[in-house]
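# Working through the structure, step by step
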Amino acid sequence: MAKDPSPRTAGRRLSLAPGRKLVGVFVLFILLPGAVLGIIALRVLRQEVAISRQRTRENLERRADELGRELEAEFRRCSEAVRSSVSPTSPNQANAFPAVLEEAFAEPGAGVFLAKSGPGLEVHPPGALSYVPASLATSRTEPGRASAGLARAESLELAQKDYRGAIRAYRALIATAGPGEKPGLLHRLARTLRKAGRLDESAAAYEQLSRADPVRIGGLPSDLLARSELCSLAEERDDGAGLADQALAFFVDLTRGTWSLDKPRYLFYADRCRSWLSRSPAAADEFEDLRAMEERKLALSAATEAFLEGPRSVISGDGGAYFAFWHEDPLRAAIISTTFLGSSWWPQALSKLGDDLRAVLTTAGGLAVMGSAPSEPPPFAVTRDLRIDDTAWLIQIWPGRPEAIFADIKQRRALSLAVLGLVAVLIVFGSYATIRIVRRELEIARLRADFVSTVSHEFRSPLTGIRQLSGMLLDGRVTDPAKQRGYYQMIVQESDRLARLVENVLDFSRMEEGRQEYRFETLSPAAWLRKVASDFAAEMAVNGIPVEVSIPEELPPISADGQALGSAVRNLLDNAVKYSPGEKGVWLEAEAEAGGIRISVRDKGVGISESDRRRIFDRFYRAGGELSKRVKGAGLGLSLVRHIVAAHGGTIACESRVGAGSIFTIRLPSAPAIERG
Ligand code: ADP
């Protein structure tokens, strides 16, 4: 026993060294590279996101450049067309304007073409402006002054207030008047009729005046005066429907630019129309549309006025900003609303770029002229400088749906993370499995080392016994025949133990190598089991250990290798005795049960803890605890039992309570009927 620890420690040292090596190899070749790969993968992931952002930026920058080029080309085309425009009087036929300009001219308030001709200004399309810019407003010459007949009629009307006389006089004058004088006379007649309270006649006269060839009366077109007076008459007569019709028609003509008025006059009449129309809800919708158009035209007129005061490329005012494409001498200019371009040309140019993009064009001063500036900086926005001729611009461009880009980035990130996670899980799982296998193998290596030393001891003790007993018998030191017999019996027992040990080791090695063969035959379990029990009981009787056997007369036959199965039961019985120190007695019971038989070996020994119960059938495994250390054993018995029982198509189970004892139960199927026959 004193030599016991040395081979064990040697075994342990042997097993730990490769263990450490394995851990080293594992850390070096799996854990470390895994961690490094993980870090690299995370970096790559981050870079991937950065690259994706960068790519978006570059793409947007390219688009901004394209848009800039497109804008520059369009601006150049417009400038060129304006510069080369020849006929101010009929620019439509003689000048080929780019589509952008044509569209703007076609939309009221969106654009105007101006051409200086002598002291005046030609406007295309005619009536594009609400009023004549101040710098160009000219006072027209009035028709020649009063004849003697007219002076008399006016005196009747104005000084003597003889309206009837005046009416007669005016009518007489009208009858003989030339076409140039007629409107003036009609105006006076209508005015006098109104004063005389002959409203219907007055209205008829104003109607006539409104249709006559217009002349200037008091600096105003005669037809405009007539229309205004007609509205006023309708108002006076409380003719609501008539007023609405008249005023609406008047406002339409006014906003169409039928009369070229200066700003104050235009605003005066426009205001009057507004006040007339505000009283007539019937025309409200139509009026609203007209108002909107009027606003645009007023803004365009204001921009034109501002441009004429100081020509420049961008004119900004209350009604928005305007581009001016112009040529100095003789002055030609196209003034175009940026609001119009921003809603027609700009989206077209953007959609040509392909993707869903938003963009804004701003002047160097920060005025947004096309597209609307975002309230807060949008994600992925890119800004590019642009210079067209001498003017500096900024183009800011950004994706219309940044969520798509974010989603794409998120998706890539999620995918990479998933792959990374999977790899991590695989590494962890692989590591866990490796560690488990390695630990198990190390344990087996240790147990194997223990096994060698244990088996040597197991062999040594029966051999020593046999040697001593036979020596004593040989020397004739034992003379008492009863004693001699006892010694011989002990020698036989020890030899049996040795033989069983050798048999166990051989069986084990055969099983390990898969060479174990069984010779199955139909066995009558009752007889066979009684034989096993009686052999065992005889051996135990020497040591005074009772074996209680309970085997029914009849048990269903089984197909078995009697010797192998006997050795399995024997192993259980041996264990029951070995692990019941001080407790005298073991129990062997057999019973028929559904489909086969049950053989139980019971003891009242030390019992087996639950954790040990799970492993006692493993080869070389020996449960912990003081007793196992003291009791001899190689940890082979139960693994052999399990192997044999399994080969017989049976199962083995163990129930146990620490300190109370254990029951090992073998269940075997009965032999098929044919075999029995
Ligand atoms: P050995 O008995 O040679 O150690 P076995 O394979 O027969 O090997 O048994 C494995 C372990 O199971 C034993 O070391 C012992 O701890 C435990 N064991 C087996 N049978 C019993 C029993 N009847 N009572 C208590 N423990 C037992």
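Residues numbered from 1 in each chain as written. Predicted model: local features only at pLDDT ≥ 70, side-chain atom pairs only at ≥ 80, totals over all residues. Heavy atoms only, no water.

### Considering the overall build of the chain
Applied cut-off: Helix and strand assignments come from DSSP, with helices taken as H or I runs of at least 4 residues and strands as E runs of at least 2, each series counted from the N terminus. Each radius of gyration reported is based on C-alpha atoms, and the globular scaling rule is 2.2 Å times the count of residues to the power 0.38. Burial here depends on accessible area, computed with a 1.4 Å probe over protein chains only, as a share of the maximum for the residue type. Under 20% is buried, over 50% is exposed, and the range in between is partly exposed. Contacts: residue pairs with any heavy atoms within 4.5 Å of one another. What sets the accessible areas is the Shrake-Rupley method with a 1.4 Å probe; for residues, cover comes only from the shown protein chains.
What the chain contains, in helices and strands, is 21 helices and 18 strands. Here the C-alpha atoms of the chain give a radius of gyration of 60 Å, more than 25% beyond the 26 Å that 2.2 N^0.38 yields for 677 residues. In terms of principal-axis extent, the alpha carbons of the chain reach across some 190 × 55 × 45 Å. Expressed as a percentage of the 677 residues in the chain, the buried residues total 44%. Taking contacts inside the chain between residues at least 6 apart in sequence as the whole, the part at least 24 apart equals 64%. In the form shown here, the chain has an accessible surface area of approximately 36,400 Å², with 55% of it arising from carbon and sulfur atoms.

### Topic: the pattern of salt bridges
Two side chains with opposite charge may pair up if their charged atoms get near one another. Rule in force here: Take a side-chain nitrogen of Lys or Arg and a carboxyl oxygen of Asp or Glu: if they are within 4 Å of each other, that pair is a salt bridge.
Scanning the model with the defined rule gives 42 salt bridges in all. Here Arg500 makes a salt bridge to Glu539, at a shortest N to O gap of 3.6 Å. Here the residue Arg500 occupies a position in helix H15 (residues 481-513), and Glu539 occupies one in helix H16 (residues 525-542), the gap between them amounting to 39 residues. For the salt bridge of Arg598 with Glu593, the shortest nitrogen-to-oxygen distance reads 3.4 Å. Taken together, the shared-partner salt bridges in this structure form one network comprising Asp271, Arg274, Arg291, Glu294 and Glu295.

### Details of the pairing of strand S5 (residues 314-317)
Applicable threshold: By the convention used here, strands pair only if DSSP detects at least 2 bridges between them.
Judged from the 4 bridges that link them, S5 and strand S6 (residues 320-327) form a sheet pairing that is antiparallel. Within S6, the residue paired with Val314 across the bridge is Phe323. Where S5 hands over to S6, the hairpin turn is made up of 2 residues, counted between the paired strands.

### Thoughts on a negative patch on the surface
So the rule is basically this: Only residues whose relative accessible area exceeds 30% and that form no salt bridge enter a patch; like-charged residues are grouped when within 9 Å of one another, and nonpolar side chains (Val, Leu, Ile, Met, Phe, Trp, Tyr) when within 5 Å. His is not counted here, nor are the chain ends, while Lys and Arg score as positive and Asp and Glu score as negative. To locate a charge, the coordinates of NZ of Lys, CZ of Arg, CG of Asp or CD of Glu are taken.
Taken together, the side chains of Asp285, Glu286, Glu288 and Asp289 define an acidic patch exposed on the protein surface. Within the secondary structure, Asp289 is located in helix H11 (residues 284-309). Since its relative accessible area comes to 57%, Asp289 is described here as exposed.

### A few points about helix H3 (residues 99-106)
Rules: This arc describes the spread of directions from the helix axis toward the C-beta atoms.
When we look at burial in H3, the residues that qualify are Val100, Leu101, Ala104 and Phe105. The arc that holds the buried residues of H3, viewed along the axis, is 130°, so those residues lie on one side.

### With respect to the packing of aromatic side chains
Here is the rule: Only Phe, Tyr and Trp rings are paired, with Trp represented by its six-membered ring, and only when their centres lie within 6.5 Å; those with planes under 30 degrees apart are stacked, over 60 edge-to-face, the remainder tilted. Think of it as a cone above the ring: NZ of Lys or CZ of Arg counts as a charge over the ring if it is within 6 Å of the ring centre and within 35 degrees of the ring normal.
Counted by the stated rule, this structure contains 17 aromatic pairs. Taking the centre distance of 5.3 Å and the plane angle of 80° together, the rings of Phe75 and Phe325 count as edge-to-face. Of the two residues, Phe75 sits in helix H1 (residues 5-83) while Phe325 sits in strand S6, which places them 250 residues apart along the sequence. Side by side, Phe75 and Phe325 carry an identical accessibility label, which is buried. Between Tyr518 and Phe520, the ring centres sit 6.1 Å apart and the planes meet at 45°, which makes this aromatic pair tilted. Residue classification places Phe520 among the partly exposed residues on the basis of a relative accessible area of 41%. Lying over the aromatic face of Trp587, Arg602 brings its terminal NZ or CZ to 4.8 Å of the ring centre.

### Structural notes on the site of the ligand
Rules: One heavy atom suffices: a residue is near a molecule or strand as soon as one of its heavy atoms comes within 4 Å of it. N or O atoms within 3.5 Å of each other form a polar contact, as long as, within protein, one can give a hydrogen and the other can take it, and as long as residues adjacent in sequence are counted only when both atoms are side-chain atoms.
Asn575, Tyr579, Asp603, Arg622 and Leu638 are the nearest of the 21 residues found near the ligand. Contact between the ligand and Asn575: an oxygen atom at 2.8 Å from a side-chain N or O atom of the residue. One of the side-chain nitrogen or oxygen atoms of Asp603 is found 2.8 Å away from a nitrogen atom of the ligand. Summarising the interface, the protein chains cover 97% of the accessible area of the ligand, which totals 530 Å² for the free molecule. Mapped onto the shell around the ligand, the elements with two or more residues apiece are helix H17 (562-578), helix H20 (637-647) and strand S18 (661-669). A per-element tally of the shell around the ligand places H17 first, with 3 residues.

### Considerations on the sheet that holds strand S10 (residues 382-388)
Rules: Lines fitted to the C-alpha atoms define the axes, with helices restricted to the stretch that makes contact. Angles between their N-to-C directions range from 0 to 180 degrees.
Ordered by their spatial adjacency, 4 strands build an open sheet running S9-S8-S11-S10, and the pairing between neighbours is antiparallel. Lying at the two open borders of the sheet, with one neighbouring strand each, are strand S9 (368-370) and S10. On average, each strand axis in the sheet is tilted by 35° relative to the strand beside it, whichever way the strands run. Where S10 and strand S11 (residues 391-399) come together, 7 bridges link them in antiparallel fashion. Its bridge partner being in S11, Asp385 is matched across the sheet by Leu394.

### A word on the environment of Arg530
Looking at the element boundaries, Arg530 is found in helix H16. A relative accessible area of 32% places Arg530 in the partly exposed class. Between the alpha carbons of Arg530 and Ala196 there is a distance of 154 Å; along the sequence they are 334 residues apart. Here Ile551 takes part through its backbone oxygen, which lies 3.2 Å from a polar atom of the side chain of Arg530.

### So, the confidence of the model for the chain
Our working rule: pLDDT runs from 0 to 100 and stands for how confident the predictor is about each residue.
Taken as a whole, the chain shows an average pLDDT of 84; of its residues, 93% reach a score of 70 or greater. Note that residues 1-16 has pLDDT below 50 and, in this model, 12 contacts with residues that lie over four places away or in other chains.

### Comments concerning the side chain of Glu74
With respect to the helices and strands, the residue Glu74 is situated in helix H1. The class of Glu74 is buried, set by a relative accessible area of 9%. A polar side-chain atom of Glu74 sits 3.3 Å from a polar atom in the side chain of Trp345. Once residues lying within four places of it in the same chain are set aside, the contact partners of Glu74 are Pro98, Val100 and Trp345.

### Quick word on the nonpolar core
For clarity, the cut-off: By nonpolar core we mean a set of buried residues, namely Ala, Val, Leu, Ile, Met, Phe, Trp, Tyr and Cys, connected to one another through side-chain atoms within 4.5 Å.
Ranked by size, the top nonpolar core spans 52 residues in total, and within it Phe664 and Ile666 carry the most contacts. With 8 residues, H17 is the largest single contributor of residues to this core. Leave out the neighbours within four places in its chain, and Ile666 touches Val569, Leu572, Ile597, Arg598, Ile599, Val641, Val645, Thr651 and Ile652. The next biggest cluster of nonpolar side chains, apart from the first, holds 44 residues, and it includes Ala349, Leu357, Ile388 and Trp393.

### Quick notes on the packing of helix H8 (residues 222-236) against helix H10 (residues 263-278)
Counted only if it meets this: Orientation is classified from the angle alone, with under 35 degrees giving roughly parallel, over 145 giving roughly antiparallel, 65 to 115 giving roughly perpendicular, and any other angle giving oblique. Helix crossings get a hand from a simple test, with the near helix turned counterclockwise from the far one by less than a right angle marking a left-handed crossing and a clockwise turn marking a right-handed one. Three classes are used: nonpolar for Ala, Val, Leu, Ile, Met, Phe, Trp, Tyr, Cys and Pro, charged for Asp, Glu, Lys and Arg, and polar for all others, with Gly counted as polar.
It is at 11 Å that the axes of H8 and H10 come closest, and there the two elements cross at 25°. On the basis of their axis angle, the class for H8 and H10 is roughly parallel. Between H8 and H10 the crossing geometry is left-handed. Mapping the contact onto sequence places Leu224, Leu225, Ser228, Cys231, Ser232 and Glu235 in H8 and Tyr269, Arg272 and Trp276 in H10. Its residues assigned to classes, the contact of H8 with H10 shows 5 nonpolar, 2 polar and 2 charged.

### Considerations on the state of the cysteines
Going by this rule: Two cysteine sulfur atoms form a disulfide, by the criterion used here, when they sit within 2.5 Å.
Enumeration according to the criterion identifies 0 disulfides in this entry. A disulfide-free cysteine, Cys231 has its sulfur positioned 6.0 Å from the sulfur of Cys273, the nearest such atom. Using a relative accessible area of 0% as the deciding quantity, one classes Cys231 as buried.

### Thoughts on the side chain of Thr338
As for its position among the elements, Thr338 is in helix H12 (residues 338-343). Owing to a relative accessible area of 4%, Thr338 belongs among the buried residues under this scheme. Sequence-distant contacts of Thr338, that is, excluding residues within four places in its chain, are made with Ala321, Tyr322, Phe323, Val369 and Met370.

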